[in-house]
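Spelled out from the first residue to the last, the chains are:
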Amino acid sequence: MKNLFLIGFIISLALSFNAKEIRVGLFEKVNIKKVDIFYNIGRFEFYSESETYGIMSNKNDKISFESNNDKVKAYMNGKYLGDQIWFRLDYRSENNSVIISNGKKKRKYKGNIILYSINGELKIVNEINIDKYVEGVIKGEAGYGYSLEYYKVQAVISRTYALHYQKHKQEGFDLCDHTHCQVYDGINYKKTITQAVEATSEEVLVDSSLTYINTLFHSNCGGQTVSTDFVWSKKLECMESIMDTFCLNSSQAKWKKTISKITWIQFLSKKTGKSISVVKSNDLNFNQFQRKEFYEFGNYKVRLVDIRSNFRLKSTYFSVHDIGDKIILIGRGYGHGVGLCQEGGIVMAKTHTYKEVLHHYYKNVSIMPISKVEYYKLF
Ligand SMILES: [Zn+2]
Ligand SMILES: [Zn+2]
């Protein structure tokens, strides 16, 4: 842990010369002790805090790293090189790449690779141009099969998210590579994704105070998105509720669930603190033509988000129908309903530009390049 300051200093020194780079912790889903790095393309300078080991440029080159408390042991083609606080592999040109294997998974990465150890856990950090990172994220998060215009929407969202959230500063990097931050498993080879990222290069979404917004999204809003205070507590102006017709015919637009009436009543009794007989005496039917925050019956109300999490419902956008010994919920949409509706965005992007899609789902925001945001922030 004591070495973290030093590691942070080394990394920030490198970053200060290129503000567009981002640091991603790799293989972060599991605790890693050992990793192998294989040559793939180009040339990499290999060095540590006190030694230079030369260039990694041979197709058979393999460097192994192993955590050793707060240090890292390195082996080049089987030969022990010693233990150091950190090691780095710096690329010579942009298309250079290495293959990293944790013994189970092998992935290809561009950018620089930094290795250090925190309390016996090996940290593998990929220092990479933010656009190249975003390409990998779109591949990991959205997958293949979407239109160029929709990938542009995803590119701006992922790029903004990466700058909004920096959850791993304490560990010496910005984001991890799994669902906790954004799924990123290395180089993207899909041409449409590369084109989308290049066409929107550096573009991000900021609010009126030039803050990178929290680009929340969900699968399908069911026809209306939800304002953030209905789901959490804080109201965010850039995520106002909007009407959305683009998602109405998509796969997650509708759902239905049947629940036994006694289970329903028991839950309401617990939430309201009223006896089962008091709850039972009320009319339990409920309609939601427009999004509401509460399920209301008689003089009582229960937050829709609480009902959703208790019964694992697809959304909070549902009506309640009392049919004797059962309750039928007729629902719309899938997900929390805040921000971009993905299925709506996919349809909208067929006839609209990515900028129109972003402004439809996010309100009071501007789309601008990172460099411009950083420049304005100086004043
Ligand atoms: Zn994370
Ligand atoms: Zn929608």
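Below or above, wherever it landed, is the structure these notes cover. Here the structure is a predicted model, which means the values were calculated and not measured.

### A few points about the nonpolar core
Then, in step 1: Formed by 81 residues in total, the largest nonpolar core has its most connected members in Val-24, Leu-115, Ile-124 and Tyr-133.
Then, in step 2: The element that contributes the greatest number of residues to this core is helix H3 (residues 148-164), accounting for nine residues.
Then, in step 3: Two domains each provide a minimum of three residues to this core, namely domain 1 (4-128) and domain 2 (202-248 + 336-377).
Then, in step 4: Ignoring sequence-local partners within four residues, the contact set of Ile-124 consists of Leu-26, Phe-27, Ile-32, Val-35, Ile-100, Ile-113 and Leu-115.

### Details of the pairing of strand E8 (residues 86-91)
Then, in step 1: Where burial is concerned, most of E8 is hidden: five out of the six residues are buried.
Then, in step 2: Note: strand E3 (residues 44-48) against E8, five bridges, orientation antiparallel. Bridged to Phe-46 within E8 is Leu-89.
Then, in step 3: Pairing between E8 and strand E11 (residues 112-118): four bridges, direction antiparallel. Note that in E11 the partner of Trp-86 across the bridge is Tyr-116.

### Focus: the sheet that holds strand E20 (residues 326-332)
Then, in step 1: Pairing in this open sheet of three strands is antiparallel, and the strands run E16-E20-E19 from one edge to the other. A strand with exactly one partner marks an edge of an open sheet, and here the two such strands are strand E16 (254-260) and strand E19 (318-322). With strand direction ignored, the average angle separating the axes of adjacent strands in the sheet is 20°.
Then, in step 2: Strand direction decides the pairing type here: E16 and E20, joined by seven bridges, are antiparallel. Its bridge partner being in E20, Lys-256 is matched across the sheet by Ile-330.
Then, in step 3: Relative to the sheet, helix H6 (residues 261-272) contacts E16 and E20, its axis offset from that of E16 by approximately 85°.

Thresholds applied
- Residues numbered from 1 in each chain as written.
- Chains lettered and ligands numbered in written order.
- Predicted model: local features only at pLDDT ≥ 70, side-chain atom pairs only at ≥ 80, totals over all residues.
- Core = buried A, V, L, I, M, F, W, Y, C linked by C-beta atoms within 7 Å.
- Buried ≥ 20, exposed ≤ 12 C-beta atoms within 10 Å, placed from the backbone.
- Helix = DSSP H or I, 4+ residues; strand = E, 2+ residues; numbered from the N terminus.
- Domains from an automatic or database assignment.
- Contact = placed C-beta atoms within 7 Å.
- Pairing = 2+ DSSP bridges.
- Axes fitted to C-alpha atoms, helices over the stretch in contact; angles between N-to-C directions.

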